[in-house]
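Here's the letter readout for the chains.
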Amino acid sequence: MINDTFPIIETERLILTEIKKEHAEDMFQYLSDPEVMKYYGISPFTTIQDALDEMDWYNHIRLAKKGIRWGVSLKESHQIIGSCGFLNWEQKHFRADIGAELSREHWGKGIMSEVFQAILSYGFQRMNLERIQAIIEPLNIASQKLAEKNGFVNEGLLRKYEYGDGKFDDLFMYSILREEFQIKKCL
């Protein structure tokens, strides 16, 4: 359940925490990278204000009980290197969308699998979700592999499903159900 106290989640290497104004520079660093933003649906950030606006949106969806977004930090540095969470939480239907992004310098280290295991567990156990879905662009092979590695099933292509950054995007719909989820030992 999402309540007034922001939930902190610890994994072997990471702390998933609330993103605050003091994290604006960290966020700006990875959200201004065109490679990180390639499949995000919006243009790379150009100002710190863009990062502050994103934080305001994270806060808004949590207060409206429509989702939650955690900052991802390494335990040893506490620097925010990405974010993850749920959006489009439909409590009546027990489902939500999952999403995440990560600073390019941390790609290929198993961090996102560790993050996914933690927030999938949170979604099924604390938010009482029955279904978690991931909507992924067809060219985003890394995210498709991440979803599949964590037990998601590709349900098919949603043609011209979203409009963003001046174009319509086809998206794959992936999902995992509560009974399919098994906590895996992360790298």
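Residues numbered from 1 in each chain as written. Predicted model: local features only at pLDDT ≥ 70, side-chain atom pairs only at ≥ 80, totals over all residues. Heavy atoms only, no water.

### Things to note about helix α4 (residues 111-125)
Then, number 1: A rise of 1.5 Å per residue sets the reference length of α4, with its 15 residues, at 21 Å; its end C-alpha atoms lie 21 Å apart and thus fit the reference within 8%.
Then, number 2: With 14 of 15 residues buried, α4 is to be regarded as a mostly interior element. (Helix = DSSP H or I, 4+ residues; strand = E, 2+ residues; numbered from the N terminus. Expected span 1.5 Å × (residues − 1). Buried < 20%, exposed > 50% of the residue type's maximum accessible area, 1.4 Å probe, protein only.)

### Considerations on the packing of aromatic side chains
Note on aromatic pairs: each is described by the distance of the centres and the angle between the planes.
Then, number 1: Scanning all chains against the criterion turns up 8 aromatic pairs.
Then, number 2: Between Phe-6 and Trp-70, the ring centres sit 6.3 Å apart and the planes meet at 75°, which makes this aromatic pair edge-to-face. A residue pair is termed long-range when its members are at least 10 positions apart, and Phe-6 in the segment before β1 (9-10) and Trp-70 in strand β3 (residues 68-74) qualify at 64 residues.
Then, number 3: Residue class for Phe-6 comes out buried when judged on its relative accessible area of 12%.
Then, number 4: The class for Trp-70 is buried, based on a relative accessible area of 0%.
Then, number 5: Each ring, one from Phe-172 and one from Tyr-174, has its centre 6.4 Å from the other, and the planes form 85°; the classification is edge-to-face.
Then, number 6: Using a relative accessible area of 0% as the deciding quantity, one classes Tyr-174 as buried.
Then, number 7: Three or more aromatic residues link up through ring pairs in this structure, and these residues are Phe-6, Trp-70, Phe-86 and Tyr-122. (Phe/Tyr/Trp six-rings, centres within 6.5 Å; stacked < 30°, edge-to-face > 60°.)

### Focus: the environment of Ile-111
Then, number 1: Secondary-structure assignment places Ile-111 in helix α4.
Then, number 2: On the basis of relative accessible area, Ile-111 is assigned to the buried category, the value being 3%.
Then, number 3: For the pair Ile-111 and His-93, spaced 18 residues apart in sequence, the C-alpha separation works out to 30 Å.
Then, number 4: Residues within four places of Ile-111 in sequence aside, it is in contact with Arg-13, Leu-14, Val-72, Leu-74, Ile-81, Leu-102 and His-106. (Contact = heavy atoms within 4.5 Å.)

### A few points about the environment of Tyr-40
Then, number 1: On the secondary structure map, Tyr-40 appears in the loop between α2 (34-37) and α3 (48-63).
Then, number 2: Counting along the chain gives 21 residues from Tyr-40 to Ile-19, while the straight-line C-alpha distance between them is 18 Å.
Then, number 3: Those residues within four positions of Tyr-40 in sequence are excluded, and the remaining contacts are Glu-54, Tyr-58, Arg-69 and Glu-101.
Then, number 4: Separated by 2.8 Å, the side chains of Tyr-40 and Glu-54 make a polar contact. (Polar contact = N/O pair within 3.5 Å; in protein donor to acceptor, adjacent residues only side chain to side chain.)

### A few points about the nonpolar core
Then, number 1: Core analysis: the largest hydrophobic core is formed by 36 residues, its most contacted members being Trp-70, Phe-86 and Phe-152.
Then, number 2: Going through the elements one at a time, β2 (14-17), β3, β4 (80-90), β5 (95-102), α4, β6 (131-136), α5 (141-149) and β8 (167-177) are the ones with two or more residues in this core.
Then, number 3: With 9 residues, the single largest contributor to this core is α4.
Then, number 4: Core analysis: the second largest hydrophobic core is formed by 13 residues, Ile-19, Ala-24, Phe-28 and Leu-31 among them. (Core = buried A, V, L, I, M, F, W, Y, C linked by side-chain atoms within 4.5 Å.)

### What to know about the side chain of Thr-17
Then, number 1: Assignment of secondary structure puts Thr-17 in strand β2.
Then, number 2: We classify Thr-17 as buried; its relative accessible area is 17%.
Then, number 3: Here Thr-17 is in contact with Phe-6, Ile-8, Trp-70, Gly-71 and Ile-80, once residues within four sequence places are set aside.

### With respect to the packing of helix α1 (residues 24-31) against α3
Then, number 1: Between α1 and α3, the least distance of the axes is 8 Å, while the angle of their chain directions is 105°. The angle between α1 and α3 falls in the class roughly perpendicular. Here Ala-24, Glu-25, Met-27, Phe-28 and Leu-31 of α1 come into contact with α3, specifically with Ile-48, Ala-51, Leu-52, Glu-54, Met-55 and Tyr-58.
Then, number 2: Counted by class, the contact of α1 with α3 contains 9 nonpolar, no polar and 2 charged residues. (Axes fitted to C-alpha atoms, helices over the stretch in contact; angles between N-to-C directions. Parallel < 35°, antiparallel > 145°, perpendicular 65-115°, else oblique. Nonpolar A, V, L, I, M, F, W, Y, C, P; charged D, E, K, R; others polar.)

### A look at the side chain of Asp-33
Then, number 1: Checked against the element boundaries, Asp-33 lands in the loop between α1 and α2.
Then, number 2: Accessibility expressed as a relative area gives 13% for Asp-33, which makes it buried.
Then, number 3: Engagement of the side chain of Asp-33 in a polar contact is seen with the backbone nitrogen of Glu-35, the distance being 2.8 Å.

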